[in-house]
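Fold and contact review
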Amino acid sequence: MAGYLVRRLAQSVILFWIVTVLTFVIIRQAPGGPAILANPDLSKEQMETLTETLGLADPLYVQYGRWLGGLLRGDFGTSFNEGVPVLSLIAERLPNTLMLSSVALVIAVALGMGLGILSAVKRNSWFDGLASTLGVLNLSVPAFWLGIVLILLFAVELRWLPVGGMPRSRDWSLIELARHLILPSVVAGGFLMANVMRYTRSAMLEVSDQLYVTAARAMGIRERRVLLVYALKNAMLPVITVIGLGLPQLFAGAAITETVFAWPGIGSLGITAARTGDFPLIMGITLVVSLIVIVANLLTDLSYMLLDPRVKFS
Amino acid sequence: MSAALDHPSVAEGGTGVVETPGRRALKRFLRHGKGMFALVLLLAIILVVGIGPIFYDVDPTRIDLVNTMAPSSAEHPLGTDENGRDVLARLLEGGRVSLMVGLAAMAVSVALGVLFGATAGYFGGWVDRILIQVIDGIMAIPLFFLWLIFLTSIPPTPLSIVLVVGCTSWMPTARVVRSEVLKARELEFVEAARSLGATRMRILFRHCLPQATSSIIVSATLAAAFAIISESALSFLGIGIQPPRPSWGNMLTGAQEYLFAAPALALYPGFAILLLVLSFNLLGDALRDVLNPRG
């Protein structure tokens, strides 16, 4: 088990290192180089000075080493647009993204598993049909458009909810926060919810054919207990895999959602940075999000060990 | 050998029509409600955006600043957008762009998926272990943010979108192809081919890969759905297909600003994307049911 832990940890470190290499190489190898792309109005002399001071003439691996050294010391560079250290911009907005994505995750998993279990129990009923239609619609609808439609319906037409943003500090309350969070978190988690639902349903159906479930029924244990304790516990494993695999998409969805709902997180910040060519900022955000996803994936895998003792031995 | 007697055409009293697996799958598909719905929907969309412009010959990029956000009229059946451009013409042109970019990205994705999956499955051993690690690794990083980086450092042309999306979405296909090839490698007729001295390439392409055809077709439809939805999101965010060339995604970029004045502008392109992606997703699900009788 210790061996597994060490191996898994090493994999995560290597993976993150590869992300830093990719991020760096893509940006540096861009035609024209980052300095030119960032500011097309510079004169030739200014360009040369910049190349000199930024060390852009050094071999790529020297530049990478310098950049990586900076990262390890917490120096992510300075945003071209804002003129502020990248890390402080990220730190300021990261909590908002984490709030949005964790609420989205909770809603997606709760709804997805609930609907998945019900569909499996009422297999081939009208409810099952409705849920699977809802699922495929959720997988097919572009998140940004779903956001726009929900804004149109609930904020513009019905005026029940705000069009976007976060509550201002003077009328901040939990209820107000919830009113601002509900639409974006449903949109950001929609894709994951549909996947969790599909996998829960099929895992429950697969498990309920197993002998130990039949045995539990034969022992006269109430059906509800059979399903929610005996079947669900074993159906959890594939579902956890789906959640782990869905984390990158959850953050992508959150970034798009933040843009549509003007939610001040790092996703919308990253998209703006990409649109305006703010290289240090988009690089910093990519690294931070990758780190979060890689660590979360590691935790997902470790939770496997707790749920399934067989993993320890493989 | 009783195998010949068990052959369906013999068993059914020799009607002359050979019941091949393909024919059986086709029969099942024709009875599959959702699948037929998806196919008809998809063909209808392709037909409309494909030959629509022949019958509706209006320039989708002609700006008319006197006539912006006009409601539908005889001249502009779906009205005009914030720059006075004809919405119907833009929908038809944008649909062609979205469909072509999506299908091209799907082709890249499937080709790479088959290549890597077949390599991993057929050669096994350390090749397989490395490729699996690579696949798991790629799937565990938020690729969307790497797309952002790519598209800031290269000009976002249709070709670069195709390559960016195609080269980062082949992993699910590779996984399925790998497991099918892995299974096929152990089949008796493959063993027979091997003992007859067939070359590795012949065994892989002639004997193993055909076993994965159904899975590849299913992955391809799902890959198309993914590619189309990705292109639309990137274009919506302003880093995909660039105006004035319309795509269903970038038609929505400005729509949010005019949500109060012209809500319809925000509805048509998004609904079009939904229908197209839905048709691919439903088609994929139906093909999975039909081609895999066990499922």
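Turning our eyes to something else, we now look at the overall build of chain B. Along its length, chain B carries 13 helices and 0 strands. For chain B, the succession of helices and strands along the chain, N to C, is α-α-α-α-α-α-α-α-α-α-α-α-α. Across its three principal axes, chain B shows a C-alpha extent of roughly 80 × 50 × 30 Å. Taken over 295 residues, chain B has a buried fraction of 44%.

Our next topic: the interface of chain B and chain A. Contact with chain B, which involves 39 residues of that partner, is made by 44 residues of chain A. At the level of secondary structure, the elements contributing two or more residues to the side of chain B that touches chain A comprise α6 (125–139), α7 (143–153), α12 (213–236) and α13 (263–291) of chain B. Tallied by class, the residues present in the side of chain B that touches chain A amount to 30 nonpolar, 8 polar and 1 charged.

On to helix α10 (residues 223–261) of chain A, then. All names here are of chain A. If you check α10, its first and last C-alpha atoms are just 43 Å apart, much less than what 39 residues at 1.5 Å a residue would give, namely 57 Å. Bending of α10 peaks at approximately 50° at the position of Leu-232. Directly after α10, the chain includes Ala-262, whose backbone phi takes a positive value near 50°.

Taken over all residues, the pLDDT of chain A has a mean of 85, while the share at 70 or more is 91%. For chain A, the element scoring lowest by mean pLDDT is helix α2 (residues 33–38) of chain A, at 52; helix α5 (residues 86–121) of chain A scores highest, at 92.

If you look at the biggest cluster of nonpolar residues, it comprises 156 residues, and the most contacted ones within it are A:Phe144, A:Val196, A:Ile282, A:Ile285, B:Leu148, B:Ile273 and B:Val277. For this core, the element with the highest residue contribution is helix α5 (residues 87–123) of chain B, accounting for 17 residues. Those residues in contact with A:Val196 that lie beyond four places of it in its chain are A:Ala108, A:Val109, A:Gly112, A:Met113, A:Gly116, A:Val239, A:Val242 and A:Ile243.

Here the bond from B:Pro243 into B:Pro244 is cis, since omega is 10°, no more than 30 degrees from zero. In this fold, B:Pro244 is placed in the loop between α12 and α13. In this structure, A:Asn124 takes a positive phi of about 65° despite not being glycine. With respect to the helices and strands, A:Asn124 occurs in the loop between α5 and α6 (126–140). The backbone of A:Ala262 shows a phi angle near 50°, a positive value even though the residue is not glycine. On the secondary structure map, A:Ala262 appears in the loop between α10 and α11 (266–276).

A few words now on the packing of helix α9 (residues 211–218) of chain A against α10(A). All names here are of chain A. With their axes 10 Å apart at the nearest point, α9 and α10 run at an angle of 150° to one another. By the angle between their axes, α9 is roughly antiparallel relative to α10. Pair α9 / α10 crosses with right-handed handedness. Of the residues in α10, those in contact with Tyr-212, Val-213, Ala-216 and Arg-217 of α9 are Val-226, Tyr-230 and Ala-231. Partitioning the contact of α9 with α10 into residue classes produces 6 nonpolar, no polar and 1 charged.

Okay, the environment of A:Gly267 next. Residues and elements named next belong to chain A. Structurally, Gly-267 can be placed in helix α11. Measuring from C-alpha to C-alpha, the distance between Gly-267 and Val-289 comes to 8.9 Å, with 22 residues separating the pair along the chain. Here Gly-267 is in contact with Thr-97, Phe-251, Ala-254, Ala-255 and Glu-258, once residues within four sequence places are set aside.

A pair of packed helices is captured by two measures, namely the crossing angle of their axes and the spacing between those axes. All names here are of chain B. Direction vectors running N to C along α5 and helix α8 (residues 158–166) enclose 40°, while the axes themselves pass 8 Å from each other. As judged from the angle between their axes, α5 and α8 are oblique. Between α5 and α8 the crossing geometry is right-handed. Where α5 abuts α8, its residues Val-97, Val-101, Ala-104, Ala-105, Val-108 and Ser-109 lie against Pro-158, Ile-161, Val-162, Leu-163, Val-165 and Gly-166. The residue inventory of the contact of α5 with α8, partitioned by class, reads 10 nonpolar, 2 polar and no charged.

Residues and elements named next belong to chain B. Mean pLDDT over chain B stands at 85; residues scoring 70 or higher make up 93%. Under a pLDDT of 50 for its full length, residues 1–5 has, in the predicted model, 2 contacts with residues more than four places off or in other chains. Reported confidences for the modelled complex are a pTM of 0.87 and an ipTM of 0.86.

Cut-off values and rules
Residues numbered from 1 in each chain as written. Chains lettered and ligands numbered in written order. Predicted model: local features only at pLDDT ≥ 70, side-chain atom pairs only at ≥ 80, totals over all residues. Helix = DSSP H or I, 4+ residues; strand = E, 2+ residues; numbered from the N terminus. Buried ≥ 20, exposed ≤ 12 C-beta atoms within 10 Å, placed from the backbone. Contact = placed C-beta atoms within 7 Å. Nonpolar A, V, L, I, M, F, W, Y, C, P; charged D, E, K, R; others polar. Expected span 1.5 Å × (residues − 1). Bend = angle between axes of the 7 residues up to and from the residue. pLDDT = per-residue confidence, 0-100. Core = buried A, V, L, I, M, F, W, Y, C linked by C-beta atoms within 7 Å. Axes fitted to C-alpha atoms, helices over the stretch in contact; angles between N-to-C directions. Parallel < 35°, antiparallel > 145°, perpendicular 65-115°, else oblique. Left-handed = near helix turned anticlockwise from the far one by under 90°.

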